[in-house]
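Examination of the molecular architecture
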Amino acid sequence: MLSEKMQQLINDQYHRELFSANQYLAMSSYFLQEDLDGFANFFRVQAEEELMHAMKQFDYLHEVDGKIEHGPIDSPSNTFGSLLEVFEEAYKHEQLITKHIHEIVKVAMQEGDFATHQFFQWFVMEQVEEESTMRTLIAKIKLIDGNKSALYLMNEELMKRKAEAEENAA
Ligand SMILES: [Fe+2]
Ligand SMILES: [Fe+2]
C-alpha cells in the first residue's frame, strides 16, 4: 500500500517528467530554428524518453492502486543564448531530477515500501546515464569551440540517435 506521502512524491515526479519532455521539445525547436537538425533530433528523442519515464510512473501508480492528480506543468524556458547554454541547462535539470529520484528512494526506504524502492532503482541508474550523456556532450561542445566543420560533424552524429522503441523495432 502506497502512503499518502509517497503518492504525492510520485505524482510530483510524474509531472516533472512531463515538464522534462516539454523542456526538451523547446530545446529541439530552438535547434530547428538554428538549422542544427541533428541537435534537434537529439532533444526530440530525449523528450520521447522523458515521456516514456512519465508513462512508466503512470502505470506503476495505477498498478499499486494509487492515483494521479493531473495538474499543471511548469513552463519550460524557450530562449537560449547558445548551444553550450542549452546543454548546460539540460545538465543542470538532470542533476535536479536525480535529487528528486533519490529523495523518493530515501522515503521508500524509510517507509519500508519495497516495491516503490525497487521500481525507482531503474530511474536511479537511468539518471546516472542521463547525467553522463549531458556531461560528455558538454565536453565535446567545449572541444569544438566554435569550429564550424567540427560542429557539422557533431550535428551529423546526433542525427543518428533514435528513440528506444524505434531502435528495438529496427
Ligand atoms: Fe526522466
Ligand atoms: Fe532525463
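Values in this document were obtained by computation on a predicted structure and should not be read as measured data. (Residues numbered from 1 in each chain as written. Chains lettered and ligands numbered in written order. Predicted model: local features only at pLDDT ≥ 70, side-chain atom pairs only at ≥ 80, totals over all residues. Heavy atoms only, no water.)

Here we look at the side chain of Gln23
Tracing the chain through its elements places Gln23 in helix α1 (residues 4-33). Under the relative-accessibility criterion, Gln23 is labelled buried at 3%. Once residues lying within four places of it in the same chain are set aside, the contact partners of Gln23 are Pro76, Ser77, Phe80 and Glu89. (Helix = DSSP H or I, 4+ residues; strand = E, 2+ residues; numbered from the N terminus. Buried < 20%, exposed > 50% of the residue type's maximum accessible area, 1.4 Å probe, protein only. Contact = heavy atoms within 4.5 Å.)

Let's talk about the coordination of the iron ion (ligand 2)
Bound to the iron ion (ligand 2) are the protein donor atoms Glu50 (OE), Glu94 (OE), Glu94 (OE) and Glu130 (OE), situated 2.0 to 2.6 Å from the metal. Relative to the metal, the 4 donor atoms surrounding the iron ion (ligand 2) lie at angles of 52 to 144°, and the coordination shape comes out irregular. The sequence motif formed by the donor residues of the iron ion (ligand 2) is E-x43-E-x35-E. In this structure, the iron ion (ligand 2) lies 3.4 Å away from the iron ion (ligand 1), the two metals sharing Glu50 as a donor. Here Glu50 is found in helix α2 (residues 37-63), whereas its partner Glu94 is found in helix α3 (residues 83-111), with 44 residues between them in sequence. Assigned by exposure class, Glu50 and Glu94 land together as buried. (Donors = N, O, S within 2.8 Å, 3.2 Å for Na, K, Ca; no water. Tetrahedral: all angles 85-135°; square planar, octahedral: opposite > 155°, others 65-115°.)

A short note on the coordination of the iron ion (ligand 1)
By definition of the ideal shapes, a tetrahedral metal site with four donors has angles of 109.5 degrees and an octahedral site with six donors has angles of 90 or 180 degrees. Around the iron ion (ligand 1), the protein supplies Glu17 (OE), Glu50 (OE) and His53 (ND1) as donor atoms, at distances of 2.1 Å. Here the donor residues for the iron ion (ligand 1) map to a single chain with the spacing E-x32-E-x2-H.

Here we look at α2
Taking 1.5 Å as the rise per residue, α2 with 27 residues should run 39 Å; its terminal C-alpha atoms sit 39 Å apart, in good agreement. Immediately downstream of α2, the backbone of Asp65 shows phi near 70°, a positive value. (Expected span 1.5 Å × (residues − 1).)

A few points about the environment of Phe31
Residue position: Phe31 is located in helix α1. Overall, the relative accessible area of 0% leaves Phe31 in the buried class. Those residues in contact with Phe31, other than ones at most four positions away along the chain, are Leu36, Phe39, Ala40, Phe43, Leu83, Val86 and Phe87.

Considering the pattern of salt bridges
Scanning the entire structure with this criterion turns up 6 salt bridges. Residue Glu131 is joined to Arg135 by a salt bridge in which the shortest nitrogen-to-oxygen separation is 4.0 Å. Separated by 4 residues within a single helix, Glu131 and Arg135 lie in helix α5 (residues 121-144), roughly one turn from each other. On the basis of relative accessibility, which here comes to 15%, the residue Glu131 falls in the buried class. Given a relative accessible area of 42%, Arg135 falls into the partly exposed group. For Lys160, the salt bridge identified is with Glu157, shortest N-O distance 3.4 Å. (Salt bridge = Lys/Arg side-chain N within 4 Å of Asp/Glu carboxyl O.)

Thoughts on the nonpolar core
Formed by 23 residues in total, the largest nonpolar core has its most connected members in Phe31, Phe39, Phe43, Phe87 and Met134. Of all elements in the fold, only α1, α2, α3, α5 and α6 (148-159) reach the threshold of two or more residues within this core. The contact partners of Phe39, leaving out residues within four places of it in the chain, are Phe31, Leu83, Phe87, Leu151, Met154, Asn155 and Leu158. Formed by 20 residues, the second largest nonpolar core is a distinct cluster that contains Leu9, Leu61, Val105 and Ala108. (Core = buried A, V, L, I, M, F, W, Y, C linked by side-chain atoms within 4.5 Å.)

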